[in-house]
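Residue strings, one per chain:
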Amino acid sequence: MEYNRGSLSDDTLLKLYRNMLKPRMIEEKMLLLLRKGQVSKWFSGIGQEAISVGATMALHEDEYIMPLHRNLGVFTTRGVELKKLFAQLQGKASGYSQARERSFHFGINQHHIVGMISHLGPQLSVAAGVALAHKLSKEQKVSLAFTGDGGTSEGEFHEALNTAAVWKLPVIFLIENNGYGLSTTTSEQYACESLVDRAVGYGMKGYKIDGNDILEVYNTISLIAERMRENPEPVLLECMTFRMRGHEEASGTKYVPQELFDVWGKKDPLTNYENWLLSEKILTEDSIKYIREKYSREINDALDFALNEAPPVPDTEKELQDVYAPYKPEVENTSAIENTHNFQIMPKSANHTKKRLVDAVQDSLKQSMQKYENLVLMGQDIAEYGGVFKVTEGFIEEFGKDRVRNTTLCESAIVGIGLGLSVKKYKAMVEMQFADFVTVAFNQIVNNLAKIYWRWGQNADVVVRMPTGAGVGAGPFHSQSNEAWFTHIPGLKVVYPATPIDTKGLLNASIEDPNPVMFFEHKALYRSVTEEVYDDYYTIEIGKARVIRSGEDLSIITYGAGVHWALKYADEHPDESIEIVDLRTLLPWDTETVLASAKKTGKVLVLHEDTLTGGFGGEIAAYIAEHAFQNLDAPVMRLASLDTPVPFAVELEANFLPVGRLEAKIKELLEY
Ligand SMILES: Cc1ncc(C[n+]2csc(CCOP(=O)(O)OP(=O)(O)O)c2C)c(N)n1
């Protein structure tokens, strides 16, 4: 095979060779270990090394790469420590994920690598987020994300490419078209002639190259990246190659016709390149021998280290502690203002203004934008239009369109972009137009944002704001209470305030907090609940409930709209001594305050707007039953919405919501 070296120096040509040889040698070793049962699983990149290596060498060392399961060459070319890498592959504690993750599912910020989650596609949006950070901070850099041909069928591929194109983000979307998904051929995967044809549909440049030609890969990406650094825009690059082994070793290759192996076997990127270097006298047999021996020693030493490391010893406390990035908020309790709200940062003065809950959201966002220059707001129609609830009205005048971003209708990509911004030390607030639409971003939230810190130490500094709840006649897809979907996900925080003071303080705290926070705002409370709110910036501790009314006979544990239903009931029944606890935060939740109230009154009603079965109330009831059984005078009761979708007509909706059944339930409990 002929190579076009252009103006590349011998040094570069040899470096490309060495960088391809190393992952090949590691893989050959891994295949041996696999046969001996010393490696549990292996996804081979043999035959595809030119892509990983050419791409990595074409980028600057501080430009982020988002590799997948076949990109060992990215890690080795970036010079990751083999001992740590092999310990990672062996599930040992000294590996990059402390034995929590398998194979290449980890990242290393020191090497500017963000590794995959199994779902493949989410990487593409994270790369777009890093590219957005580059653009915002005017760093002339690109990011690069890998996808297989199979991965291009995922919705995330469409969302990431579309958003990157609209925002002109300098990200290279690199498709390794190796002919197969797991066993699915490309003809069963897509119906266009070439995947690169999609570029034109997104309004971006696209190139298709021979992925087995290391110099073509290196030269093309070097050139593209150089242009993109000057002139930020995304590019789609399709690299044609072939997977010479099974999807993973155990799955075999029976479904692949032999003739394909014969044809592609002759195109081996390493052998051909090596032969060419030899024929050009750039490389000699002796130096090959020398390099191979050197790598062999390095690989064997590192393997010895990893294989000899004792298996990881679980430490429950550490496992739990590492679910969240540490966050130490400033605590200032010196103010003269009474600390009835668990203020962490007290407002500087007692000045206050009457505000609706929606105004408190706006106030918090505005002050947080002033406080954090690295905070970026993203959401549909939030810029000139000010958002459907007018929360960000007037923001672009003060903060500009770079930081107050109208987004595409691509919830998943936007959340992934938020994560990419975190990688570059930005903070992101993503507004879901309605909480119902968070379903479309579910995977990014529950699998990527929630788990990444625990997996390999990268925090996701993203707040997802969600106008939620019923009572506004908006039907099944603009009214849902979906907080319980998220309280089940370690790594997320779930905040759900019911009053303007709490809303401002908790939203400020959520933005400060380096962890992903799902922030629920009840639409029906936006303009119906008003309170004097402190003008200055303050925060309220996440995870602390508040006893908003003290009583002796019965406790109502609730949050969101339930707080106001309970308050109204208590106001209307002054002869009943009712204690009301507003949870304010559902993850983590304040077991201490709830338990104290349950023990005090001996009768507990857990009230929420969410439907009954699987609602968060079940968790609270179980906890109280387990920890305060002897103090109870009645079973813990729950009152929630009917187990149906949210109906549209006001009459049906009123019947769906629990408030109409509140009086009877309280009576039942009081009389128990
Ligand atoms: C969302 C999702 N669905 C299914 C899978 C299972 N799966 C893992 S890899 C794979 C094939 C991927 O093919 P491709 O993107 O072409 O990459 P390749 O493995 O060929 O490099 C499948 C179906 C997955 N990981 N994620």
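Look above for the structure.
Remember, it's a predicted structure, so these values are computed and weren't measured experimentally. (Residues numbered from 1 in each chain as written. Predicted model: local features only at pLDDT ≥ 70, side-chain atom pairs only at ≥ 80, totals over all residues. Heavy atoms only, no water.)

## Side note on the sheet that holds strand β2 (residues 143-148)
This is how the line gets drawn: In this analysis, strands are considered paired if DSSP registers two or more bridges between them. Numbering of helices and strands starts at the N terminus; helices are DSSP runs of H or I of at least 4 residues and strands are runs of E of at least 2. Contacts are assigned to residue pairs with any non-hydrogen atoms lying within 4.5 Å of each other. Axis lines are fitted through C-alpha atoms, for helices just across the contact stretch, and the angle between N-to-C directions can take any value from 0 to 180 degrees.
Strands sit in the order β1-β2-β3-β5-β4 across an open sheet of five strands; the sheet is parallel. In this open sheet, the two strands that pair with only one neighbour each are β1 (65-66) and β4 (205-210). In the sheet, β4 pairs with strand β5 (residues 235-240) via six bridges, with the strands oriented parallel. From the neighbouring strand, Gly206 faces β5, where its bridge partner is Leu236. The sheet strands contacting helix α5 (residues 122-136) are β1, β2 and β3 (171-177), and the helix crosses β2 at an angle near 170°.

## With respect to unusual backbone geometry
With an omega of -5°, the peptide bond between Leu587 and Pro588 qualifies as cis. Tracing the backbone through its elements, the reader meets Pro588 in the loop between β19 (585-587) and α22 (591-601). At His112, a position not held by glycine, the phi torsion is positive, near 55°. Phi angles above zero are rare outside glycine, and Asp381 is one such case at about 65°. Mapped onto the elements of the fold, Asp381 is located in the loop between β8 (375-379) and α15 (395-399).

## Focus: a positive patch on the surface
Threshold: Residues qualify for a patch when their relative accessible area is over 30% and they have no salt bridge, like charges being joined within 9 Å and the nonpolar side chains of Val, Leu, Ile, Met, Phe, Trp and Tyr within 5 Å. Per-residue and other accessible areas were derived by the Shrake-Rupley procedure at a 1.4 Å probe size, with only the shown protein chains allowed to occlude residues. Note on definitions: salt bridges are taken to be side-chain nitrogens of Lys or Arg within 4 Å of carboxyl oxygens of Asp or Glu. As used throughout, the charge tally considers Lys and Arg to be positive and Asp and Glu to be negative, leaving His and the chain termini uncounted. Taken as the charge centre is NZ of Lys, CZ of Arg, CG of Asp or CD of Glu, depending on the residue.
Residues Lys15, Arg18, Lys294 and Arg297 make up a contiguous surface patch of positive charge. Relative to the helices and strands, Lys15 is located in helix α1 (residues 10-35).

## Overview of the layout of surface pockets
Here is the rule we go by: We place a 1 Å grid over just the protein atoms. Points where a 1.4 Å probe fits but has no way out form a cavity, open points with protein on both sides within 12 Å along at least 5 of 7 lines form a pocket, and any residue with an atom within 4 Å of a point lines it. Grid points are joined across faces, edges and corners, and a volume is the space filled by probe spheres set on the points. By the convention adopted, Pro, Cys, Tyr, Trp, Phe, Met, Ile, Leu, Val and Ala count as nonpolar, Lys, Arg, Asp and Glu as charged, and the other residues, Gly among them, as polar.
Looking at the largest pocket, its volume works out to about 400 Å³. Around the largest pocket sit 24 residues that line it, and His69, Arg70, Leu120, Gly181 and His247 are the ones nearest its centre. Across the lining of the largest pocket, the residue classes tally to six nonpolar, 13 polar and five charged.

## What to know about the site of the ligand
Under the convention used in this document: A cutoff of 4 Å decides nearness: a residue is near a molecule or strand if any of its heavy atoms lies inside that distance of it. Identification of polar contacts relies on pairs of N or O atoms within 3.5 Å, with a donor-acceptor requirement for protein atoms, meaning one able to donate a hydrogen and the other able to accept it, and with residues adjacent in sequence counted only if both atoms are side-chain atoms. Being in a pocket or cavity means that more than half of the molecule's atoms lie within 2 Å of its grid points.
Taken together, 14 residues surround the ligand, and among them Arg70, Ser118, Gly150, Gly151 and Tyr180 come closest. Interatomic distance of 2.9 Å between a side-chain N/O atom of His69 and an oxygen atom of the ligand. Tyr180 is positioned such that a nitrogen or oxygen atom in its backbone is 2.8 Å from an oxygen atom of the ligand. The fraction of the free accessible surface of the ligand (570 Å²) that becomes covered by protein chains is 68%. In a pocket analysis with a 2 Å cut-off to the grid points, the ligand is assigned to the largest pocket. By residue class, the composition of the shell around the ligand is two nonpolar, nine polar and three charged.

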